[in-house]
Amino acid sequence: MLRLFLCLVGLILALRIQSTAAESDYQESLNLQPLPLGALLASFDFRSNESVTSFEKQNFRFFPRSLGQILQHSNTKELHLRFSTGRWNADTWGARPWQGKKEGGTGVELWAWINAGDDEESFHKWTTLTQSLSGLFCASLNFVDSTRTTRPVRSFSPEGHHDVSKDHLRLLHGVLPGEVVCTENLTPFLKLLPCKGKAGIASLLDGHKVFDASWQSMSIDVHPVCPAGADECHIEISQTIDMVLDIERAKRPRDNPIPRPIPADQLNCDESKPYHAHDTCYPKESTEEIGWSIEEVFGRKIPGACPLIDEEWKPLCLHVPHERKVYVPFGAFEVKNPPSQSTEYRCYHFRPEEVFNLEVIPQKLNTQPNLPHEPLRAERTIVGHGAANGGIRTILTNPSPIEPVQLVYFENLPWFMRPFIHTLKADITSSSPSSPPNTYTTSNWQVIKEMYYVPAIDRQRGTQLELLLSIPASSTVTLTYDFEKAILRYTEYPPDANRGFNVAPAVIKVLNQTSTITTDRSISDPAVASIGLREGNRDGNVYIRTTSLLLTLPTPDFSMPYNVIILTSTVMALAFGSIFNLLVRRFVGADEAPGYDWRAFRDRVGGRLVRIRDRFRRRKAEKVD
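What you see is a predicted model, and the numbers here were worked out from it, not measured in a lab. (Residues numbered from 1 in each chain as written. Predicted model: local features only at pLDDT ≥ 70, side-chain atom pairs only at ≥ 80, totals over all residues. Heavy atoms only, no water.)

## Side note on the overall build of the protein
Consideration 1: For the protein, the helix and strand inventory stands at twelve helices and 26 strands.
Consideration 2: If you sum the accessible surface of the protein, you get close to 34,200 Å²; carbon and sulfur atoms cover 55% of it. (Helix = DSSP H or I, 4+ residues; strand = E, 2+ residues; numbered from the N terminus. Areas by Shrake-Rupley, 256 points an atom, 1.4 Å probe, with all protein chains shown as cover.)

## Quick word on the packing of aromatic side chains
Consideration 1: Inspection of every chain in the model, using the stated rule, returns 20 aromatic pairs.
Consideration 2: Ring centres of Phe 55 and Phe 63 lie 5.3 Å apart, and the angle between their planes is 80 degrees; this geometry places the pair in the edge-to-face category.
Consideration 3: Among the residues examined, Phe 55 registers a relative accessible area of 10% and is labelled buried.
Consideration 4: By way of ring pairs, the aromatic residues Trp 415, Phe 416, Tyr 490, Tyr 493, Phe 501 and Phe 558 are connected into one cluster.
Consideration 5: The aromatic ring of Trp 98 is capped on one face by Lys 102, whose charged end is 5.9 Å from the ring centroid. (Phe/Tyr/Trp six-rings, centres within 6.5 Å; stacked < 30°, edge-to-face > 60°. Buried < 20%, exposed > 50% of the residue type's maximum accessible area, 1.4 Å probe, protein only. Lys NZ or Arg CZ within 6 Å of the ring centre and 35° of its normal.)

## Points about the side chain of Glu 236
Consideration 1: With respect to the helices and strands, the residue Glu 236 is situated in strand β8 (residues 234-246).
Consideration 2: Assessed through its relative accessible area of 13%, Glu 236 is described here as buried.
Consideration 3: For Glu 236, the contacting residues outside a window of four places in its chain are Arg 47, Ser 48, Asn 49, Asp 221, Val 222, His 223 and Val 225. (Contact = heavy atoms within 4.5 Å.)

## Details of the UniProt feature "transmembrane region" (unreviewed entry) in the protein
Consideration 1: Annotation from UniProt places "transmembrane region" (unreviewed entry) at residues 562-584.
Consideration 2: Secondary structure across residues 562-584 divides into 100% helix and 0% strand, with the first and last C-alpha atoms of the span separated by 32 Å. (UniProt positions renumbered as here; feature names shortened; annotations may be inferred.)

## Some points on the pairing of strand β16 (residues 389-398)
Consideration 1: By the criterion of burial, β16 is predominantly enclosed, with seven of the ten residues buried.
Consideration 2: Note: strand β15 (residues 377-383) against β16, seven bridges, orientation antiparallel. Looking at β16, one finds that Arg 380 is bridged to Thr 394.
Consideration 3: Between β15 and β16, which pair antiparallel and follow one another directly, the connecting turn spans five residues, one of which, Gly 384, has a positive phi of 95 degrees.
Consideration 4: When β16 meets strand β22 (residues 475-485), the two strands line up antiparallel, connected through ten bridges. In the strand pairing of β22, Gly 391 is matched with Asp 482. (Pairing = 2+ DSSP bridges.)

## With respect to the pairing of β22
Consideration 1: Along β22, eight of the eleven residues are buried, which leaves the element largely enclosed by surrounding structure.
Consideration 2: Note that strand β18 (residues 417-430) and β22 share ten bridges and pair antiparallel. What sits directly across from Met 417, in β22, is Lys 485.

## What about the sheet that holds strand β7 (residues 215-225)?
Consideration 1: The strand order across the open sheet formed by eleven strands is β5-β6-β4-β3-β7-β8-β2-β1-β10-β13-β12, and the pairing between neighbours is mixed. Of all strands in the sheet, those with a lone pairing partner are β5 (149-150) and β12 (333-336), marking the two edges.
Consideration 2: Contacting β3 (76-86), β4 (107-115), β5 and β6 (169-176), helix α5 (residues 119-136) runs over the sheet at an angle of about 135 degrees to β4. (Axes fitted to C-alpha atoms, helices over the stretch in contact; angles between N-to-C directions.)

Here is the structure:
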């Protein structure tokens, strides 16, 4: 009996130790930051890991089994998947969250490092990966074929720790700029989480709110991590959702989302205007920050912290000045960072059984938060006119008055865009308003340092262009080149051919943007890591993606084949009928045709009339009898 009791105690202690170790393998955090013009940046971050030994044996705890088996079957060592909609307004919102590393181009973007011996084997495994992810996330990733697949050289670097002596990693990149991201992509995303969106901050991810945002990005990153001093490496998966919500629009009730005019007695009018009257109102500019709460913005409260996270972990952080008044329910624990730091924030800890809501009241602030700015501004458009030729113009501006900027510019063009590389030009102009316009020449500043170009092959491979550029301080570089539009086959046009064809955004990697902010996720404060990734990251690189383009190609009149078919069928019917009559009928002269015997015709008709008369007489006689 004593031995059985000791075994039970040992089993309970072992389970307790295992659960304690498991709790540290999953973390989640939500960072809320008000932005100018009544916007709110919400960054959801979910991270879990699994040891390499457990991963290889498919002994999954927090790592999603469905995704893990796909990675093992395709021999993928590192994966990065992006779902993005909208456009980030850098002029108003400042720098991108996570320095653009968690952001993809419009639509769906995927790149991965696959362990393969040669290019043919890697593409075969890449096809397996894209088709499997297509079914898992309800996306059209199975359309990422050889024409949409490239192999970048300098644009992407692996984030994980890989054994170069054993692994022969090959990078493949694909993008679908026309993919529409919607709720059917969010549902599989939530199913990969340990709490399945039923508890913790994941319960706030409602499709009506996520896809009503002005800008939204979902990302999934899987890579191996080998911490210093650890006995074994582990596979880490990071799932993030970043979105910018309009506070006033998000606060509208779901049952009445239509905006309606404000009642006259609630208008705040500027009575100092000379045209102010009882029927004329000029809105008075509000000097107060907009008030909001989690329940108003997301439509629900947090039902409690996810029970799988560490007990000391603070899952929610608010990035507002310390003077801002914030109300939280009783029992929540608030921690503020020292006010001497450049960024002020506060984090909250609440228990799994406590319903949490955060309310920020309207308030006039004495200090405004200083948002970080992007190190580069990019704009990309299609120029030219006509159905045969066109051009691409990319404007890159370095706002720094002191430091030059080095960057890698990557483009993936479809095969029906045939660029002429000999027309590639880089013009530099000064963008500083204080100095007179100055035009640099290639003799005193070399803009294009290196170039990697892979030409397209019709219906087999797209065009890949990578440029290593250097932009001087307070200058603007304009890249231009011409291209030719190919004529597609009739069956290669989509149903909405007159709308145009989507061209993938350009990927810009700004090099060596260092920062002193740490990004170590082992820190117990999630705000340090998240806001640090907004101001600087581990390798010092910043990623910027331009907007996607819409290319118009020579489009035939799709009604003409129908008209041709009808006309051809009519001509064939007439011709066939005439030829058939000529072949089958026998033509003779009128004198050769036998004459018609009218007497025989008369006798035949008379005989029939007699038979009809006799039939009626017989019926009448039968009735009389």
